[in-house]
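Survey of secondary and tertiary structure
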Amino acid sequence: MRTDTPSTPLTIYRKDYIAPGFWVDTVEMGFDLDPIATHVATRMTMRRNPESSEKDIVLFGESLKLLQLRINGVSVKKSSYSIENGILRIRNAPDELTLDIETLIQPAKNTSLSGLYVSNNNFFTQCEAEGFRKITFFPDRPDVMAKYTVMLRGDKKKYPVLLSNGNLIAEGDLPGGRHFAKWEDPFKKPSYLFALVAGKLVCQQEKYKLKSGRKVLLQVWVEDGNLDKTQHAMDSLKNSIRWDEERFGLELDLDRFMIVAVSDFNMGAMENKGLNIFNTKYVLANPSIATDVDYAGIESVVGHEYFHNWTGNRVTCRDWFQLSLKEGLTVFRDQEFSADLVGTATGRAVKRIEDVRLLRQVQFSEDAGPMAHPVRPDSFVEINNFYTVTIYEKGSEVVRMYYTLLGHDGFRKGMDLYFQRHDGQAVECDDFRAAMADSSGRNLKQFERWYSQAGTPRVKVESSYDKASKTYELTLSQSCPATPGQSKKLPFHIPVAVGLLNSNGKDLVLNLEGQATPSKATTVVLELTSAKQTFRFTGVAKKPVPSILRNFSAPVVLEYEYTDEELGHLLAHDSDAFNRWEAGQRLAMRRLVKLTKSVLQGEALELDSMFVEALRSTLNDRTLDPSFRELVLTLPSEAMVAEEFKEVNPQAIHQARQFMRSSLTQQLRADLLTAYEENLTPGKYSPDAVSAAKRGLKNLALSYLLEWPEDATFALAKTQFDEAQNMTDRLAALTALTNFSGSAKNAKVSAQALQKFFRDFKKEALVIDKWFMLQGTARTTDAAKVRELMKHPAFTLSNPNRARSLAFSFCNANPSRFHAADGSGYALWADLVVALNKLNPQVAARLARSLDRWRKYPKALQVQMKAALQRVADTSKLSKDVLEVVTKALAS
Ligand code: B3K
Ligand code: ZN
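Calculation notes
Residues numbered from 1 in each chain as written. Chains lettered and ligands numbered in written order. Predicted model: local features only at pLDDT ≥ 70, side-chain atom pairs only at ≥ 80, totals over all residues. Heavy atoms only, no water. Near = heavy atom within 4 Å. Polar contact = N/O pair within 3.5 Å; in protein donor to acceptor, adjacent residues only side chain to side chain. Areas by Shrake-Rupley, 256 points an atom, 1.4 Å probe, with all protein chains shown as cover. Nonpolar A, V, L, I, M, F, W, Y, C, P; charged D, E, K, R; others polar. Donors = N, O, S within 2.8 Å, 3.2 Å for Na, K, Ca; no water. Helix = DSSP H or I, 4+ residues; strand = E, 2+ residues; numbered from the N terminus. Buried < 20%, exposed > 50% of the residue type's maximum accessible area, 1.4 Å probe, protein only. Pairing = 2+ DSSP bridges. Axes fitted to C-alpha atoms, helices over the stretch in contact; angles between N-to-C directions. Contact = heavy atoms within 4.5 Å. Phe/Tyr/Trp six-rings, centres within 6.5 Å; stacked < 30°, edge-to-face > 60°. Lys NZ or Arg CZ within 6 Å of the ring centre and 35° of its normal. Domains from an automatic or database assignment. Buried area = accessible area lost by both parts, 1.4 Å probe. Salt bridge = Lys/Arg side-chain N within 4 Å of Asp/Glu carboxyl O. Parallel < 35°, antiparallel > 145°, perpendicular 65-115°, else oblique. Left-handed = near helix turned anticlockwise from the far one by under 90°.

1. Points about the site of ligand 1
With respect to spatial proximity, 15 residues lie near ligand 1, and among them Glu128, Glu271, Glu305, Asn384 and Tyr392 are the closest. Here a nitrogen atom of ligand 1 sits 2.5 Å away from a polar atom, N or O, in the side chain of Glu128. A distance of 2.4 Å is found between an oxygen atom of ligand 1 and a side-chain nitrogen or oxygen belonging to Tyr392. In isolation ligand 1 exposes 330 Å². Once the protein is present, 95% of that is buried. In terms of residue class, the shell around ligand 1 is built from 6 nonpolar, 4 polar and 5 charged.

Below is the structure:
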């Protein structure tokens, strides 16, 4: 049971799951599309589920006008059904029946972008998680899977294109300038995968030959005028299809696969069966509007949604608590896809580092805050609040640990068994774990705790070397901090990949006592299953330097007392590129923490030469891939430094990090200039990994160079801005110019560049988003400036991309300004959350999360944050989305 009255939000518990009282076998739908009032006729064949304790037909519905309700052609008597709190309940239904429902909905009024809505005069749907109930009354839960046939009717001029899931089986004209299209999806699916699109759209299409020889039709649909921006999405789709065939033996099961881009969309994209709907941000690209990061994002999101066709659609979730079953697994698959496409070992490591950075920065923080939840949550108020980095990114790490434990082939066997057992079913995370255990013969019972316990485990490592016996011991102990509702944690099953380096930086061949290690192995996976365990390596001639948690083999915080010298050794030599990078980050973090403390104590700031020289030699090491060098030179973000402190002072962290950046610039000026010049990419733009890596390093060098006020480097950035042949270089230059703190003359030039950028791209919404984002995160932007920008004619809160570009970027990515001492950032945040709540609760709730960690700040800030949270909580007509977030924050 759930309610629509948000003042008393109802918590739904995993333990309360009961199977549906009725199954639905077929669904036939007819839509008469009209933005003001769309008529929806639904006919479903249903049969009683003898195994359920629910005796009634239970249908969910929201914002619907019910016109008709018939069982086997006869109107259902008022006394036989009730509608209460969004549930239509029919009593005394026969065991088998045909249910007809007619509803009226108002797509143009739907600003929540969930259900059927209008964007730029076209129709789109978003049904995950619970949007289908805004279209018709339905057992809108993922374990009810049915076959759908959909008839779309609408004005032929206004809506020339009519799309739904599956195959087009009929189309034609109707009287009155209308037309129709009939679609049939041959696969049964849960309602959250239903989709329709109608409007004025054009497509890039091609026939693609699968490995089996079967030909499929691929289409990328966009608004007229955007066909010059679809090639990369199409290429990414073809790469995804090929990759899933090769890596997992999974073939596209439909004859037609469509991607549609829409500019008003709550998230990245949606995996509706055969009809993926995408945020334009993850489809549209050409060199003049998209950056290298955008190109990579498109590839990974196109891959992600495509891979859902098997992991999510063919095998789906029994209930929403199992969300990570499909999301964690599919993120793992898209991460592997992107890594495989680059192909090189460094390319793989670079991808891994980027993914881990996101995990640490956002997921570790979530795990330590009021919204912390296990990968398989036990309860929620609003499921849309649980599309989190924990479900997605930590979920992917959990899948990756199976991969680490079972190996490449072992994991593949597990996947094969999973599909063999569960194709066409709605299952649980435990079913996936069972497939991995049964296919490998391994006991993965304890592994279940990764699903049930929230929080980021800490692994503390101590080492000792015994010269006489030539043995080296590592003692690992684990703990996990308390999280809301979980005070005590039991030990996790943690794979810890370890290598040992000798004094020349070479890997030792490892002999692990009591464990058969493959001959010549230089990395072993230690399996930590108890609170504390010792592992002994034999035949170690000299005290080595341990490289622990290689490739980040588990989502934990590793504590080991490395000396600076050892870290320098790892940074210079570790064969594991992840840990090589990690060593540099540890050196940087140690100093950032110290500098922050010095700022707080009013001491003079200093940067030691050991660190500067270590970075200098990495920067100048041409044997290293530029993308790897870029990552080493990228300092831990302010948010990551904040995690090292019990009490966070954002301004002190900002000052410390800025000091480090400008000192590095001062001392590495010549090296940075050389890196800049060596990594130019003249000629035609290509988003390939090699060129993108060069641009990445070059633009990082540029951003450093402008940390030191100097006319010559300012001019370098200005020239790059003026002459850029692609968006990557243009935006990097503009960002550097905007953040430059030099003379008034230079400031004027920067301001002019910013204006020119707007003029040049005012027709490209995705570029204007970048323009707002750049300003939202600019060092000089405070809350007043954001309020001023919100008055700009191009700004609107009702488009989620635009709202995110300014509001989210300021609140989440400009910490020293957002946390201004006068509380102006929090007041702005509260105004924004309240305004968004009326328009779009999902987007509002995302922004509401910016104050999750308010307890971590100094008292003076806490008081103001609490007041802002309270103001939001006290707002009338608060959605349960926002209410859940602010209530949990206030209770922390
Ligand atoms: N499954 C969708 C997310 C739906 C979010 C609903 N609030 C996109 C994805 O993960 O692929
Ligand atoms: Zn997904």
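2. Side note on the coordination of the zinc ion (ligand 2)
Of the protein atoms, only His304 (NE2), His308 (NE2) and Glu327 (OE) coordinate the zinc ion (ligand 2), at distances of 1.9 to 2.0 Å. Mapped onto the polypeptide sequence, the residues donating to the zinc ion (ligand 2) form the spacing pattern H-x3-H-x18-E. Of this pair, His308 sits in helix H2 (residues 292-308) while Glu327 sits in helix H3 (residues 323-342); the two residues are 19 residues apart in sequence, bridging distant segments of the chain. Judged by its relative accessible area of 0%, His308 is buried.

3. Description of the sheet that holds strand E30 (residues 532-537)
Ordered by their spatial adjacency, 4 strands build an open sheet running E30-E27-E26-E32, and the pairing between neighbours is mixed. Both edges of this open sheet fall to E30 and strand E32 (557-559), since each of them pairs with a single strand only. Adjacent strand axes in the sheet meet at a mean angle of 25 degrees when their direction is disregarded. For strand E26 (residues 458-466) and E32, the ladder comprises 3 bridges, and the chain directions are parallel. Across the sheet, residue Lys460 finds its bridge partner in E32, namely Glu559.

4. So, helix H11 (residues 626-633)
Counted residue by residue, H11 has 7 buried out of 8 residues, so it is predominantly covered. Restricting attention to buried positions, one finds in H11 the residues Pro626, Ser627, Phe628, Arg629, Leu631, Val632 and Leu633. In this structure, the buried side of H11 is in contact with helix H4 (345-367), helix H8 (564-573), helix H9 (577-601), helix H10 (609-619) and helix H14 (689-705).

5. Focus on the sheet that holds strand E17 (residues 196-199)
Spatially, E10-E11-E17-E13 is the arrangement adopted by the 4 strands of the open sheet, whose pairing is antiparallel. The sheet terminates laterally at strand E10 (115-119) and strand E13 (161-164), the two strands that pair on one side only. Across the sheet, the axes of successive neighbouring strands diverge by a mean angle of 15 degrees, strand direction being ignored. Bridge count for E13 against E17 is 4 bridges, and the pairing is antiparallel. Bridged to Leu163 within E17 is Val197.

6. Section: the packing of aromatic side chains
What describes a pair of aromatic rings is the distance from one ring centre to the other and the angle between the planes of the rings. A full pass over the atoms with the stated rule returns 39 aromatic pairs. Ring geometry for Tyr192 versus Trp320: centroids 4.9 Å apart, planes at 70 degrees, classification edge-to-face. With Tyr192 in the loop between strand E16 (189-190) and E17 and Trp320 in the loop between strand E23 (316-317) and H3, this pair connects stretches of sequence that are 128 residues apart. Per residue, the accessibility class of Tyr192 equals that of Trp320, and both read buried. Put simply, the rings of Trp243, Phe248, Phe257, Tyr306, Phe307, Phe332, Phe337, Tyr403 and Phe411 touch in pairs and so form one group of aromatic residues. A cation over a ring is seen here: Lys15 above Tyr13, with NZ or CZ 4.5 Å from the ring centre.

7. Some details on the domain arrangement of the protein chain
Put simply, an interface is often sized by how much accessible area is lost when its parts join up. Under the domain assignment, the protein chain is made up of domain 1 (27-43 + 61-67 + 95-288), domain 2 (318-451), domain 3 (458-554), domain 4 (560-708) and domain 5 (762-892). If you average the C-alpha positions of domain 1 and of domain 2, the two centres end up 27 Å apart. In this complex, domain 1 contributes 19 residues to the contact, which on the side of domain 2 involves 24 residues. Around 1,800 Å² of area is buried between domain 1 and domain 2 when both sides are counted, 58% of it from carbon and sulfur atoms. Three residues stand out in domain 1 for area buried against domain 2, namely Trp243, Arg247 and Phe248, and they jointly supply 38% of the buried area on that side. The partner of Glu271 in a salt bridge is Lys326, with the nearest N and O atoms 2.7 Å apart.

8. Side note on unusual backbone geometry
Between Glu128 and the following residue, Ala129, the backbone shows a cis peptide bond with an omega angle of 0 degrees. For Ala129, the location among the structural elements is in the loop between strand E11 (122-126) and strand E12 (145-155). Even without being a glycine, Asn72 presents a positive backbone phi close to 45 degrees. Mapped onto the elements of the fold, Asn72 is located in the loop between strand E5 (65-71) and strand E6 (74-75). Under the relative-accessibility criterion, Asn72 is labelled partly exposed at 45%. Despite not being glycine, Leu549 shows a phi value in the positive range, around 65 degrees. Secondary-structure assignment places Leu549 in the loop between strand E31 (545-548) and E32. On the accessibility criterion, Leu549 (4% relative accessible area) is buried.

9. A look at the packing of helix H1 (residues 231-248) against H2
At a minimum axis separation of 9 Å, H1 and H2 run at an interaxial angle of 45 degrees. On the basis of the axis angle, H1 is oblique to H2. Crossing angle aside, the handedness with which H1 passes H2 is right-handed. Listed contacts from H2 to His232, Ala233, Ser236, Leu237, Ser240, Ile241, Trp243 and Asp244 of H1 are Tyr295, Ile298, Glu299, Val302, Gly303, Tyr306 and Phe307. Grouping the constituent residues of the contact of H1 with H2 by class yields 9 nonpolar, 4 polar and 2 charged.

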